[in-house]
Every structure is written in C-alpha cells, then in structure tokens.
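Working through the structure, step by step
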Amino acid sequence: MPTLYLYNSLTREKSAFEPLHPGHVGMYVCGPTVYNDVHLGNCRSFISFDVIFRTLRYLGYKVRYVRNITDVGHLLDDGEDRIAKGARLEQLEPMEVVQKYTNSFLEMMRIFNVSPPSIEPRATQHIIEQIEMVAAILENGYAYEINGSVYFDTVRFAREKGVYGQLSGRVIEDLLQETRDLKKQDEKRHPADFAIWMKAEPEHIMRWNSPWGEGFPGWHLECSAMSTKYLGHTFDIHGGGADLKFPHHENEIAQNYGACGCAPAKYWVHGNMLLLNGKKMSKSDGNTISPYELFSGESPFISRGYSPMTVRFFMLQAHYRSTLDITDEALQAADKGYRRLMEAWKNIQRLPAPAGKQESDLDREILGQLDLAVEELCDDFNTPKALARLFEVTPRINALHGGQIPPDQILPSTLVRLRETMSALLFDVFGLAEEDQGTASATVNALMDLILDLRGRARASKDWPTADRIRDGLKEAGIVVKDGPEGSSWSAS
RNA sequence: GGUCACGUGGCCGAGUGGCUAGGCAGAGGUCUGCAAAACCUCGUACAGCGGUUCGAAUCCGCUCGUGACCUCCA
C-alpha cells in the first residue's frame, strides 16, 4: 500500500499520515445542525469526508468515524435558539423539529450513498459530558461564570497557551486589541471570549439543569465533548467545512486545551465551499439550490435534473480543498462522464476471455494507470487525478469490448486486477453506485424484447422505414436503441 | 478595513520549476443500411506586467479581477 499524504490545515502543509495508534484512525467531522433541510454545500462536505473515510478503510485502517448531529441549536444573532425558533414557526416540539430534519438529513446521505459513520452522537444526548467539560475548564481557570452563564476566557488562554489563532491564522494581538464594543447586555469580559454555557431565558424551550442554573451548552462545546468522549483527548483527524475554521474549530481547540491541556486532533482537514454563480452557497442569502431541486431540475439555475450519482461524480471531479462552481454546463459534462465510466465498468464484466500469453505493452499500460490511480488517491485524496487515470483505461476497456483490440493483447491476470481495482475505486472508495435508469420491470423487459425482436426482423428484411420508425418512436419515449454486432440493446436515456 | 485563498484552452477542472492531466463540447476519420454508441486522430491554455533561472502555468514583486473568513453557516 502506498503511503497516504494529507494536507493539515494546522501546519498548512502536506505530510505523510502517521496514525497515533498503528492501524487505527480516529476521525471526527462536524455534522449538521438539524434545524433545516440540508443544502447542497453540506452534502459536498459530507461526501468529501465520506471519500476520506472510505479511502482510509480501503488502505486497511480500522477507522472510528464520528460525525455528530447538533440538535441543541446555536444562538442566533438576536439571541434566539435556532431549534426553538424552528419549533415556534412550525408549531412543533423542539425535539420534533430535530427529529424531522435529522431524518431528512440521513435520507439525503443515503441518497448520495454516503456511508454511515461509526458513531453519530447527538448534542442533546451529551449534556452531562458538556457540563462536565465546562466544569473542567472552569476548574482549570480558563472560564468564568457570570449570572448563570459561563464564558471561555480567550484572553487568558491565548496568553498562556499560545495556540489560539493558529488554525485560522488569527493574530492574537489583533484579537486582544479589538475594540470593546460590547453590547450593553453582553456580560463577556472581552469580545473574543465565547459562551460555553448559556443561562436560559424563560422563553427558551431547550434547557437543562446545571451547576450554574438552567441553561444550555455553548456554540462549540458539543464537538469538544463528544470527540473527547468517543475518540479520546487526542485523536487523528478532525474535519469540517472551511467556514468552520473560525470561530468554531479555533474555539473547539481552545476548549479541549482548556479542559485537558492537550490538542484535540493531530490533523485538521477542511473541505472547501461549493459555489453557485461564483459565490458561496448559503442558506441565508438565497444563493442556493437544494438537492431535490437539483435532482428534479426545478431550479432557475439548471436546465434539467441530475441524478444523485451524477452530482457525486461531479463533486469528485474537483479536489476537496478547491472551491467548486456549480453550473449547468459542468453538470451536463459530469453526467456524460459518469455514464461513460459506468458503461466501461459494465463492459469490464462482459469482456471476452483474455488470451494473452505474455505481458504486453497494453498490460503494462493498464496496470500502470491503476497503480497511479491508487497512488494519486493517496496524495491528499486527489479524486480528480485518480478519476483521470480511470478515464485513461476506459478506451482500452471499450476497445477490448468492442473488438478493436483482440483478447490476446491482455493477460488474464490483468483483467482480474482491472476488475478488482476498478470495483474498489469506483464503488468502495468513490462511493459511486450503478443507477439503473431503466429500473426496468419484468414487464418492460418483456415488451422491449418483443419490440426489438420485431425491429430485428424488419432490419433483416431491409425494411428500414419500419426499423427507423421503431427506433425514433422509442427515442421519443426516452429509450435509446443501440445496434451492435450481437443484436440491439436499449437503455433509458 | 484586517486576514487568507484563487485567477488554467469554448465550459468544468487537475497540475507547484523541464515530462500528455482528465471530463464535456468541437473538427476529421473507422465501424454501421442510416444513426447512436464505441474506437482512432486533432487543441501548445495557464489574468497582465516585470524579475529570478539554462528553463516558469508552477518561485518572487507589482497591477487588475474574483472569492472566502473576520457574524450562524459544510
């Protein structure tokens, strides 16, 4: 197995991956806040980390992948809890809102063929752990309590530990010299301080008892508490979207140091943003397209619908650390490319038996490309490069299948490798799946057999008008007929 | 305003000092009754201007442009 290299946001460089415990990887990725439907940007992020998770497993690591569900709700600008707000608007119990959007989130992950994480902890089920962590931070002197709320003492932490701002590239001096334009009711000693426990106002629905009174945990605490619980004080990889670097991840690091004196993660991995119209997709400003709109085509931004696997493939064609611009043209290109690749996969399975006797140039070429594909996957999960290698072997596969290359040009062992590696990369690592556009029932298959048989007879008697009439009619019905040497086949377009 | 990215051929998108990225679109050809598919061949692109170097899309500087973070956000 080749060495895995990954880019660490913390050090800003790519280095060889060395797990803390040989053979094992602990990975924590910040999951969604379930107060609304997931949007496509979230999906890209979780697909990126899914590929990372799958790659690690493919390389033989035993991975514990923790991806949380944040159902406590973070504070809104106006001080209102997100979950509580959603509840009031929809006349639902807070936990009902949470359950509803948790379900739809998980359904979307299933649609995108994102494998479930090893553990999917929920913030509301870890209130005790969060309270304990607040207590630990208080005990260590990195937090202070005011009127039933507890704030992290960023100033003290920054001065004493010297790690604050490292991840996000903040300059501590700038943070500390920030003007103190605190709101009147703001109890924080410094703008850079942040709440780790908030006193619940009477109208606040989600609330728990704590040593500081009734309240709810702060913005960033659930990740610190749950990653520690399931992966230990220090674990291998912490991931999330690039927009979480600050303040979320920076504060998470601070909390973990504050509680246990050590860094939570060795490697920090951040996925980049999905762009629409050249700008970040965002729920708040309307520059967004939902997954369902993308599938159905019901959006002013696209001309038609695209299947989940097309979208997944589209995302894989860009590196996870690059921004990716969604355009209709790019999606159409991805759709064609994805189908071509899957068609090649099907062709592998119906290739004539290889009859090579000794290794040919073609054998070497195919094996070389497969090796490169794996190698490039291991270079910071470079899926676009790895995919390019598969596209290099695609014409060879198709030529073997179509007869342009005779079967004696490859060894039986090459076909075995081809089948194994393609299968592993396409399905196990990239997480693609065959989409049976046909989803043909037995009835449809029987009908099509009959129609193609009738057309075959017409062709045999050189009745071209009838043959073409059938083909054109089927095309209008969305069925493409392909004539080959061994008869005609069909597929839904 | 501060911090940080990015600007690649018609579109998307890899690539970080010399070696073909790849996909889609487009052109020509083979096959085919015609078509589709498949196969073969074809594109010297790297924002602009300077500099370093034997050699730069790749390093440095400046200019222009775009975006992200700084506030909930994957």
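Attention in this report is confined to the structure presented alongside it. Everything quoted here is computed from the prediction, not taken from an experiment.

**Considering helix 8 (residues 245-260)**
- With 16 residues, helix 8 should cover 22 Å at 1.5 Å per step; its first-to-last C-alpha distance of 21 Å lies within 8% of that length.
- For helix 8, a buried count of 12 out of 16 residues is recorded, marking the element as mostly surrounded by other parts of the structure.
- Inspection of helix 8 places H248, H249, E250, N251, E252, I253, A254, Q255, N256, Y257, G258 and A259 among the buried residues, and these make up the whole buried set.
- Looking one or two places after helix 8, you find G261, whose phi comes out positive at around 80°.

**Considering the sheet that holds strand 3 (residues 24-29)**
- Within the open sheet, the four strands sit side by side as 4-3-9-10. Their pairing is parallel. Strands at the two margins of the open sheet, each flanked by one partner only, are strand 4 (62-67) and strand 10 (265-271). Looking at each pair of strands side by side, their axes are set apart by 20° on average, direction ignored.
- Note: strand 3 against strand 9 (residues 235-241), three bridges, orientation parallel. In the strand pairing of strand 9, M27 is matched with I237.
- Helix 1 (residues 40-58) contacts strand 3, strand 4, strand 9 and strand 10 of the sheet and is inclined by roughly 175° relative to strand 3.

**Notes on the pattern of salt bridges**
- Summed over the entire model, instances satisfying the criterion amount to 25 salt bridges.
- Its salt-bridge partner being D380, residue R321 comes within 2.7 Å of it at the nearest N-O pair. Taken together, the residues span a long stretch of sequence, with R321 in the loop between helix 10 (308-316) and strand 13 (324-326) and D380 in the loop between helix 12 (361-377) and helix 13 (383-402) at a distance of 59 residues.
- For E359, the salt bridge identified is with R364, shortest N-O distance 3.2 Å.
- The partly exposed category is assigned to R364, whose relative accessible area is 42%.
- Several salt bridges converge on common partners, so that one network encompasses R455, R459, D468, R471 and D483.

**A word on the packing of aromatic side chains**
- Counted according to the given criterion, the structure contains 17 aromatic pairs.
- With 5.2 Å between their ring centres and 50° between their planes, F17 and Y267 make a pair best called tilted. In this pair, F17 sits in the loop between strand 2 (13-16) and strand 3 while Y267 sits in strand 10, placing the two residues 250 residues apart along the sequence.
- An aromatic cluster of three or more residues is present, and its members are Y142, F152, F157, Y164, F194 and Y257.
- Of note, R156 hangs over the ring of Y142, and the distance from its end group to the ring centre comes to 5.2 Å.
- Cation over ring: R170 sits above F246, and NZ or CZ is 4.1 Å from the ring centre.

**Digging into the nonpolar core**
- Core analysis: the biggest nonpolar cluster contains 90 residues, and L40, L56 and F430 have the highest contact counts within it.
- When sequence neighbours within four positions are dropped, the list of residues in contact with L40 reads F112, L274, M281, I289, P291, L294, M315 and I326.
- Counting residues in hydrophobic clusters, the runner-up holds 38 residues, among them F157, A225, Y257 and W268.

What counts, and where the lines are drawn
Residues numbered from 1 in each chain as written. Chains lettered and ligands numbered in written order. Predicted model: local features only at pLDDT ≥ 70, side-chain atom pairs only at ≥ 80, totals over all residues. Heavy atoms only, no water. Helix = DSSP H or I, 4+ residues; strand = E, 2+ residues; numbered from the N terminus. Expected span 1.5 Å × (residues − 1). Buried < 20%, exposed > 50% of the residue type's maximum accessible area, 1.4 Å probe, protein only. Pairing = 2+ DSSP bridges. Axes fitted to C-alpha atoms, helices over the stretch in contact; angles between N-to-C directions. Contact = heavy atoms within 4.5 Å. Salt bridge = Lys/Arg side-chain N within 4 Å of Asp/Glu carboxyl O. Phe/Tyr/Trp six-rings, centres within 6.5 Å; stacked < 30°, edge-to-face > 60°. Lys NZ or Arg CZ within 6 Å of the ring centre and 35° of its normal. Core = buried A, V, L, I, M, F, W, Y, C linked by side-chain atoms within 4.5 Å.

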